[in-house]
Amino acid sequence: MENTYAIVLAAGQGTRMKSDLYKVLHPVCGKPMVEHVIDHIRDLQADRIVTIVGHGAEMVEQTLGDKSEYALQAEQLGTAHAVQQAEAVLADLDGTTLVVCGDTPLISTETMAALLAHHHETEAKATILTAIADDPTGYGRIIRAENGDVVRNVEHKDTNDGERLVKEINTGTYCFDNRVLFDTLKKVNNDNAQDEYYLPDVLGILKSEGQRISAYTTPDFHETLGVNDRVALAKAEKGMRQLIAEKHMRNGVTIISPEQTVISSEAEIGRDTIIQPGVLIEGATKIGSQCVIGPNSHIQNSTVGDHTTVHSSVVRDSAIGNETAVGPFAHLRPETQLGDHVKVGNFVEVKKSRLGDDSKVSHLSYIGDTEIGKNVNVGCGTITVNYDGKNKHKTEIEDYAFIGCNANLVAPVTIGKNAIVAAGSTVTKNVPENSLAIARVRQENKEGYVKN
Ligand code: UD1
Ligand code: CA
């Protein structure tokens with residue numbers, strides 16, 4: 001198999017987005033659109049990937065990191081000029097070069113592979129990925145000869161009345177014989193409505209030189225959507241959301257209302273898990289099998305074991321074990337770890353804390369900077385007093401301890417194994433194991449106090 005290279009065009013400002021954020025960095029299902037493009041190309045196992053950066057170069061490079069190499073297009077003179085910037089990196093290599101725009105986040109690895117396969121089968125020097133659009137406005141139009149051969153592409157702004165009616169569009173994705181590409185780019189001029197060097201002109205030039213060019217028409221126009229403004233961004237979001245949801249449903253996940261569920265493309269979800277409406281799953285979240293993720297839960301960069309339920313809760317940068325119940329209305333803040341058979345109930349906030357297996361914090365508590373052992377019961381309204389105004393301090397609650405309702409545990413403090421803290425206590429000293437701590441004013445009854 002000969003080498004495959006890829007060039008991703010990502011130097012434009014994206015004026016039509018009317019945004020301070022560079023176009024290709026606008027997220028689709030939580031991930032910058034150019035990163036979707038790069039990830040799809042990486043799945044093809046391309047030998048080299050070069051991203052052309054210009055506007056926001058630093059931010060784009062920071063976002064993509066070492067997923068790509070970079071070439072700078074200091075001035076944006078058009079897509080052909082953009083590709084030319086990869087010359088120093090690629091021009092001397094034999095192989096096939098795929099070019100994809102950074103603003104077409106839905107084009108799948110499968111479609112890119114089909115394009116490459118068609119390119120090789122037809123032994124063309126250049127192959128363009130086309131699609132049939134109901135409304136081709138804004139896209140380049142594919143002009144074919146009477147025998148069906150592709151002749152050239154005409155940009156929307158350069159079309160005449162007849163050409164404007166053509167529904168076959170240029171998706172902005174191509175493959176080229178690498179050496180032929182760089183040789184032909186030199187011949188592209190900017191004699192057009194936008195005074196730009198157009199990449200698709202390479203096809204027309206090759207054709208006029210008698211070289212073989214071809215087109216692969218994908219049946220799925222939705223995949224080829226180019227995001228130039230926020231209206232298209234919302235369409236891309238919807239399309240991506242559906243693709244991701246369908247992948248999980250095919251893998252055995254029940255998604256009650258895919259339209260109202262947002263799942264990142266990195267997320268993994270096990271079989272027979274049920275995702276209820278309004279759920280937002282972000283980042284590299286991993287959810288096990290047979291879980292129920294209840295309405296309006298927001299889970300970010302976290303792992304959830306098997307047979308666990310998370311209802312109407314927020315979970316960030318945390319790990320939840322198996323057969324554990326979270327919520328409704330719980331908030332797990334970063335660095336929280338819950339073991340197996342744990343319960344964190346309503347209006348409980350947990351931060352940077354670990355709860356061992358079979359422990360419960362069922363209602364109205366704040367647990368911060370705390371290590372909780374196994375089989376601990378933390379009563380309703382308990383607060384770990386972790387902050388003295390300057391520093392954070394640790395609380396330790398050892399196995400089988402029982403914390404009565406409405407206790408304040410003033411850190412640093414340790415509650416020993418099997419110890420009991422009486423309800424309403426404000427604990428400021430360590431409690432030894434097997435002891436009872438009562439730290440509250442003794443009740444006094446004044447009989448007959450109320451005179452009738
Ligand atoms: C381009 C195609 C059009 C196609 C459409 C598909 C050209 C001339 N036109 O139009 O035929 O139907 O995509 O979505 O190629 N870019 C650079 N440097 C530049 C100019 C653009 O890096 O100098 C990048 C942009 O950041 C963007 C991509 O190239 O990611 C496409 O540019 P854009 O201006 O969006 O082209 P379209 O008008 O959409
Ligand atoms: Ca575009």
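Residues numbered from 1 in each chain as written. Chains lettered and ligands numbered in written order. Predicted model: local features only at pLDDT ≥ 70, side-chain atom pairs only at ≥ 80, totals over all residues. Heavy atoms only, no water.

**Student:** Talk me through the site of ligand 1; I want residue IDs and the actual numbers.
**Tutor:** Near ligand 1, the surroundings consist of 25 residues, among which G12, Q73, T79, E155 and N170 are the closest. A distance of 2.5 Å separates an oxygen atom of ligand 1 from a polar backbone atom of N170. Taken by itself ligand 1 offers 760 Å² of open surface, and the protein chains cover 91% of this. If one sorts the elements of the shell around ligand 1 by residue count, strand β10 (residues 168–177) sits on top with three residues. Residues that form the shell around ligand 1 fall into these classes: nine nonpolar, twelve polar and four charged. (Near = heavy atom within 4 Å. Polar contact = N/O pair within 3.5 Å; in protein donor to acceptor, adjacent residues only side chain to side chain. Areas by Shrake-Rupley, 256 points an atom, 1.4 Å probe, with all protein chains shown as cover. Helix = DSSP H or I, 4+ residues; strand = E, 2+ residues; numbered from the N terminus. Nonpolar A, V, L, I, M, F, W, Y, C, P; charged D, E, K, R; others polar.)

**Student:** Kindly report on the domain arrangement of the protein, identifying the contributing residues and their values.
**Tutor:** Entries for the protein in the domain assignment read domain 1 (4–224), domain 2 (253–352) and domain 3 (365–452). A separation of 64 Å is found between the C-alpha centroids of domain 1 and domain 3. (Domains from an automatic or database assignment.)

**Student:** For the coordination of the calcium ion (ligand 2), give the residues involved together with the corresponding values.
**Tutor:** Coordination sphere of the calcium ion (ligand 2), protein contribution only: D103 (OD) and N228 (OD1), at 2.2 to 2.4 Å. Highlighted residues: D103 in the loop between β6 (96–101) and α5 (109–121) and N228 in the loop between β11 (213–218) and α9 (230–250), separated in sequence by 125 residues. The buried category is assigned to D103, whose relative accessible area is 12%. (Donors = N, O, S within 2.8 Å, 3.2 Å for Na, K, Ca; no water. Buried < 20%, exposed > 50% of the residue type's maximum accessible area, 1.4 Å probe, protein only.)

**Student:** Give me the packing of aromatic side chains: which residues, what numbers.
**Tutor:** In the structure shown here, the tally under the stated rule is three aromatic pairs. Relative to F221, the ring of Y139 has its centre 6.0 Å away and its plane inclined at 75 degrees; by these criteria the two rings are edge-to-face. Separated by 82 residues along the polypeptide, Y139 in the loop between β7 (126–132) and β8 (141–144) and F221 in the loop between β11 and α9 bring together distant segments of the chain. Taken individually, Y139 and F221 each receive the classification buried, so the pair is uniform in this respect. The side chain of K392 reaches across the aromatic face of Y387, ending 5.0 Å from its centre. (Phe/Tyr/Trp six-rings, centres within 6.5 Å; stacked < 30°, edge-to-face > 60°. Lys NZ or Arg CZ within 6 Å of the ring centre and 35° of its normal.)

**Student:** Tell me about unusual backbone geometry, residues and numbers included.
**Tutor:** Cis geometry is adopted by the peptide bond preceding P328, which originates at G327 and carries an omega value of 0 degrees. Unusually for a residue other than glycine, Q45 sits at a positive phi of about 65 degrees. Its place among the elements puts Q45 in the loop between α1 (33–42) and β4 (48–53). Positioned with a positive phi, D369 is a non-glycine residue whose angle comes to about 50 degrees. Within the fold, D369 resides in the loop between β31 (366–368) and β32 (370–372).

**Student:** Any chance you could break down the environment of V28 for me, citing the residues and the numbers?
**Tutor:** Mapped onto the secondary structure, V28 falls in strand β2 (residues 27–28). Remark: the alpha-carbon pair of V28 and D388, spanning 360 residues in sequence, is separated by 42 Å. When near neighbours in sequence (up to four residues on either side) are disregarded, V28 contacts M33, H36, P105, L233, A236, E237 and M240. (Contact = heavy atoms within 4.5 Å.)

**Student:** How would you sum up the environment of D272? Please name residues and give values.
**Tutor:** Within the fold, D272 resides in the loop between β14 (268–269) and β15 (274–275). When the C-alpha atoms of D272 and Q290 are compared, they prove to be 4.7 Å apart, with 18 residues separating the residues in sequence. Excluding residues within four positions of it along the chain, D272 makes contact with G252, Q290 and C291.

**Student:** A description of the side chain of S425 should follow, citing residues and the corresponding values.
**Tutor:** Here S425 is to be found in the loop between β39 (420–421) and β40 (426–427). We classify S425 as buried; its relative accessible area is 0%. In this structure, S425 is in contact with N406, A407, N408, A437, I438 and A439, ignoring residues within four places of it in sequence.

**Student:** Lay out the layout of surface pockets in plain terms, naming residues and giving numbers.
**Tutor:** Its volume calculated, the second largest pocket comes out at about 450 Å³. Lining the second largest pocket are 17 residues, with H40, D43, T109, K247 and S265 sitting closest to its centre. Among the elements of the structure, α1, α5 and α9 are those that each provide at least two residues to the lining of the second largest pocket. For the lining of the second largest pocket, the element with the highest residue contribution is α9, accounting for six residues. Along the lines of polarity and charge, the residues of the lining of the second largest pocket split into four nonpolar, five polar and eight charged. (1 Å grid on protein atoms, 1.4 Å probe; cavity = no way out; pocket = protein on both sides within 12 Å on 5 of 7 lines; lining within 4 Å. Points joined across faces, edges and corners; volume = space filled by probe spheres on them.)

**Student:** Tell me about the packing of helix α7 (residues 178–185) against helix α8 (residues 201–208), and name the residues and values.
**Tutor:** Where α7 meets α8, the axes come as close as 10 Å, and the angle between the chain directions of the two elements is 95 degrees. On the basis of their axis angle, the class for α7 and α8 is roughly perpendicular. In contact with V180, T184 and L185 of α7, α8 contributes V202, I205 and L206. Classifying every residue of the contact of α7 with α8 by side-chain character gives five nonpolar, one polar and no charged. (Axes fitted to C-alpha atoms, helices over the stretch in contact; angles between N-to-C directions. Parallel < 35°, antiparallel > 145°, perpendicular 65-115°, else oblique.)

**Student:** Summarise the nonpolar core; cite the residues concerned and give the values.
**Tutor:** The nonpolar side chains of a soluble globular protein tend to be buried, and buried together. Core analysis: the biggest nonpolar cluster contains 60 residues, and V344 and I415 have the highest contact counts within it. The element contributing the most residues to this core is α9, with six residues. V344 has contacts with A325, V326, G327, A330, L332, L338, V350, L355 and V361, leaving out every residue within four places of it along the chain. (Core = buried A, V, L, I, M, F, W, Y, C linked by side-chain atoms within 4.5 Å.)

**Student:** Describe the sheet that holds strand β12 (residues 254–255), naming the residues involved and giving the relevant values.
**Tutor:** Across the sheet, which stays open at both edges, the eleven strands sit in the order β12-β15-β18-β21-β24-β27-β30-β33-β36-β39-β41 with parallel pairing between neighbours. Every other strand in the sheet has two partners, leaving β12 and β41 (436–437) as the edge strands with one partner each. Here two bridges tie strand β36 (residues 402–403) to β39, and the two strands are oriented parallel to one another. When the sheet's bridge partners are listed, I403 is paired in β39 with V421. (Pairing = 2+ DSSP bridges.)

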